[in-house]
Amino acid sequence: MGATHRIAVIPGDGIGTEVVPEGLRILEAAASAFDFQLDYEQFHYASADYYTKTGTMLPDGWFDQLNRFDSIFFGAVGWPDVVPDHISLWGSLLQFRRHFDQYVSLRPVKLLPGITSPLAGREPGDVDFYVVRENTEGEYSSIGGKIFEGTDRETVIQETVMTRTGVDRILKYAFDLAQSRPKKHLTSATKSNGISISMPYWDQRVEAMAQNFADVAVDKYHIDILTANFVLHPDWFDVVVASNLFGDILSDLGPACTGTIGVAPSGNINPERKFPSLFEPVHGSAPDIAGKGIANPIGQIWSASMMLEHLGETEAAAAVMTAVEDVLAVGGDTLTPDMGGTATTKTLGEAVRRQFETNT
Ligand code: ATP
Ligand code: MG
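What you see is a predicted model; the values in this text were computed from it and never measured.

## Topic: the overall build of the protein chain
Per the secondary structure count, the protein chain includes 12 helices and 12 strands. A globule of 360 residues ought to have a C-alpha radius of gyration of about 21 Å, and the protein chain, at 21 Å, matches this closely. Referenced to the eigenvectors of the C-alpha coordinate spread, the extents of the protein chain come out at roughly 60 × 50 × 40 Å. Of all 360 residues assigned to the protein chain, the portion counted as buried reaches 46%.

## Re the environment of Asn 244
As for its position among the elements, Asn 244 is in helix H9 (residues 244-256). Note: C-alpha distance between Asn 244 and Glu 137 (107 residues apart in sequence) is 6.6 Å.

## Observations regarding the UniProt feature "domain: Isopropylmalate dehydrogenase-like" (unreviewed entry) in the protein chain
Sequence positions flagged by UniProt for "domain: Isopropylmalate dehydrogenase-like" (unreviewed entry) are, in local numbering, residues 6-352. The span residues 6-352 shows a helical share of 39% and a strand share of 19%, and its end C-alpha atoms are spaced 23 Å apart.

## Side note on the domain arrangement of the protein chain
Along its sequence, the protein chain is organised into domain 1 (1-105 + 266-360) and domain 2 (128-257). The C-alpha centroid of domain 2 is placed 27 Å from the C-alpha centroid of domain 1. Between domain 1 and domain 2, the contact holds 8 residues from the first and 11 residues from the second. In terms of residue class, the side of domain 1 that touches domain 2 is made up of 4 nonpolar, 3 polar and 1 charged.

## Examining the site of ligand 1
Neighbouring ligand 1 are 14 residues; Gly 262, His 283, Gly 284, Ala 286 and Asn 296 lie closest to it. Classifying every residue of the shell around ligand 1 by side-chain character gives 5 nonpolar, 7 polar and 2 charged.

## Re helix H6 (residues 164-180)
Between its terminal C-alpha atoms H6 stretches 24 Å, which fits the 24 Å expected from 17 residues at 1.5 Å a residue. All of the buried residues in H6 are Val 167, Ile 170, Leu 171, Ala 174, Phe 175 and Ala 178. All buried residues of H6 fall inside an arc of 135 degrees around its axis, so they share one side. Seen from the buried face of H6, the exposed residues on the opposite side, beyond 90 degrees, are Thr 165 and Ser 180. Against strand E4 (104-110), strand E5 (128-134), strand E8 (185-190), helix H7 (198-210) and strand E10 (239-242) lie the buried residues of H6.

## Topic: the confidence of the model for the protein chain
When the pLDDT values of the protein chain are averaged, the result is 96; 100% of them are 70 or greater. Scored as a complex, the prediction yields pTM 0.95 and ipTM 0.94.

## Observations regarding the environment of Gly 14
For Gly 14, the location among the structural elements is in the loop between strand E1 (4-12) and helix H1 (16-34). Sequence separation between Gly 14 and Asp 252 is 238 residues, and the spatial gap between their C-alpha atoms is 21 Å.

## A short note on the nonpolar core
Inside soluble globular proteins, nonpolar side chains tend to come together where they are buried. Val 132, Val 240, Val 241, Val 320 and Val 324 are the most contacted members of the largest nonpolar core, which has 102 residues in total. Taken together, domain 1 (1-105 + 266-360) and domain 2 (128-257) each give at least three residues to this core, which thus spans both. If we skip the residues at most four places from it in the chain, Val 324 touches Leu 112, Ile 298, Ile 301, Trp 302 and Val 352.

## Quick look at the sheet that holds E4
The strand order E2-E1-E3-E12-E11-E4-E5-E10-E8-E9 describes an open sheet built from 10 strands, whose pairing is mixed. Two strands in the sheet have a free side with no partner beyond their single neighbour: strand E2 (37-42) and strand E9 (217-222). Neighbour-to-neighbour, the strand axes of the sheet open up by a mean angle of 25 degrees, direction not taken into account. Each of E4, E5, E8 and E10 touches H6; the most contacted strand, E5, lies at about 165 degrees to it.

## Some words on unusual backbone geometry
Despite not being glycine, Phe 148 shows a phi value in the positive range, around 55 degrees. Within the fold, Phe 148 resides in the loop between strand E6 (144-147) and strand E7 (155-158). What makes Phe 148 exposed here is the crowd of 10 C-beta atoms within 10 Å. Residue Ala 286 is not a glycine yet carries a positive backbone phi of 45 degrees.

## Digging into the environment of Gly 16
You can see Gly 16 is positioned in helix H1. Spatially, the C-alpha atom of Gly 16 lies 16 Å from that of Gly 267, the residues being 251 residues apart in sequence. With sequence-adjacent residues up to four places away left out, Gly 16 is seen in contact with Pro 11, Gly 75, Ala 76 and Ser 285.

## A look at the pairing of E10
Alternating positions in E10 separate into two faces, Val 239 and Val 241 on one and Val 240 and Ala 242 on the other, with burial throughout. Of the pairings in the sheet, the one linking E5 to E10 comprises 4 bridges and is parallel in character. The residue bridging Arg 133 from the neighbouring strand is Ala 242, located in E10. Examined bridge by bridge, E8 and E10 share 3 bridges and lie parallel to one another. Following the sheet pairing, Thr 187 is matched in E10 by Val 240.

## Some details on the packing of helix H11 (residues 314-330) against helix H12 (residues 345-359)
It is at 8 Å that the axes of H11 and H12 come closest, and there the two elements cross at 120 degrees. Here H12 runs oblique to H11, going by the angle between their axes. The two elements H11 and H12 meet at a crossing, and its hand is right-handed. On the side of H11, the interface is formed by Ala 319, Val 320, Thr 322, Ala 323, Val 324, Asp 326 and Val 327, while H12 contributes Ala 351, Val 352, Gln 355, Phe 356 and Asn 359.

Criteria and thresholds
Residues numbered from 1 in each chain as written. Chains lettered and ligands numbered in written order. Predicted model: local features only at pLDDT ≥ 70, side-chain atom pairs only at ≥ 80, totals over all residues. Helix = DSSP H or I, 4+ residues; strand = E, 2+ residues; numbered from the N terminus. Rg over C-alpha atoms; globule rule 2.2 N^0.38 Å. Buried ≥ 20, exposed ≤ 12 C-beta atoms within 10 Å, placed from the backbone. UniProt positions renumbered as here; feature names shortened; annotations may be inferred. Domains from an automatic or database assignment. Contact = placed C-beta atoms within 7 Å. Nonpolar A, V, L, I, M, F, W, Y, C, P; charged D, E, K, R; others polar. Near = placed C-beta within 6 Å. Expected span 1.5 Å × (residues − 1). Arc of directions from axis to C-beta. pLDDT = per-residue confidence, 0-100. Core = buried A, V, L, I, M, F, W, Y, C linked by C-beta atoms within 7 Å. Pairing = 2+ DSSP bridges. Axes fitted to C-alpha atoms, helices over the stretch in contact; angles between N-to-C directions. Parallel < 35°, antiparallel > 145°, perpendicular 65-115°, else oblique. Left-handed = near helix turned anticlockwise from the far one by under 90°.

What follows is the structure, given as structure tokens:
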């Protein structure tokens, strides 16, 4: 009998509650095919409903409760009619990120079969890389202030904070990831021609880290030309590592180059496993289609695959993606409307599960 993985399941709001069950179905199928146990529990906080009842997004004691789990499987949070986005986000996901030290934001950028890329002429295989974003410091510090407020000398300052520990640990993660992949190629996002203190420091730490990874090919691009190359030459990239702000931009641009937002997954990862990591689709609660049963479940299912990979169930993770790719390759009515088909969330989720069972 294989390992037992403890999973906290938080569906959240809107289509989160519709796609999470499809993710769970594939996780259960993976557990029985690959002989491991899933011990999961659902929590209904981090949602607008919970906020309406309690006036807060999370209960007292959430940290100890969730900290007992190996991972958090998350749907989506946000319902702007009921709770302002800054409250729902700050009150839930950003608390998890901070308290569970999820300093890696990981987003695969991979064009799947059957999906039309907005980049003309691109085939699956042309676009297959990862964006690794630093998730805790950098440009998003709260350090700064305002002086001469209300006068014509009004001035605001916000500092970028880069610590050696913070920079080195994200670079180490990205280099390890690059080393594990066939191309062994790492691209660093910089802007040391314009930002004269922090970005040269980032470059210097990249060079220092590269000394430990002789087999990884390293290059760097300034963020402006890098964004252009995401669109013009996505085939150049393998692992792209970036500071918090640059990573934020790249991790929206990347998935946008691979078709519908409904398929893109993400991980907020504490690589040392000292705290639980969180896996969720890139999309939000999508109030415009919530309740219709037509949300694309692939982003959630792919997030399940990333979670399995993080938990060490590498073969199961790969088998989930094979099933996804097989179903998408057939295409047609099996797909949800955002991919041009007529399927529902449930029928597509069910098709992936059946394919998984046929394959394994
Ligand atoms: P955020 O929650 O990050 O603020 P948002 O609320 O602006 O994002 P999303 O909820 O991600 O946006 O939705 C953006 C658009 O994409 C909407 O039109 C939504 O219907 C569509 N969309 C998002 N996720 C899916 C999905 N899984 N399937 C189909 N369409 C989706
Ligand atoms: Mg939203």
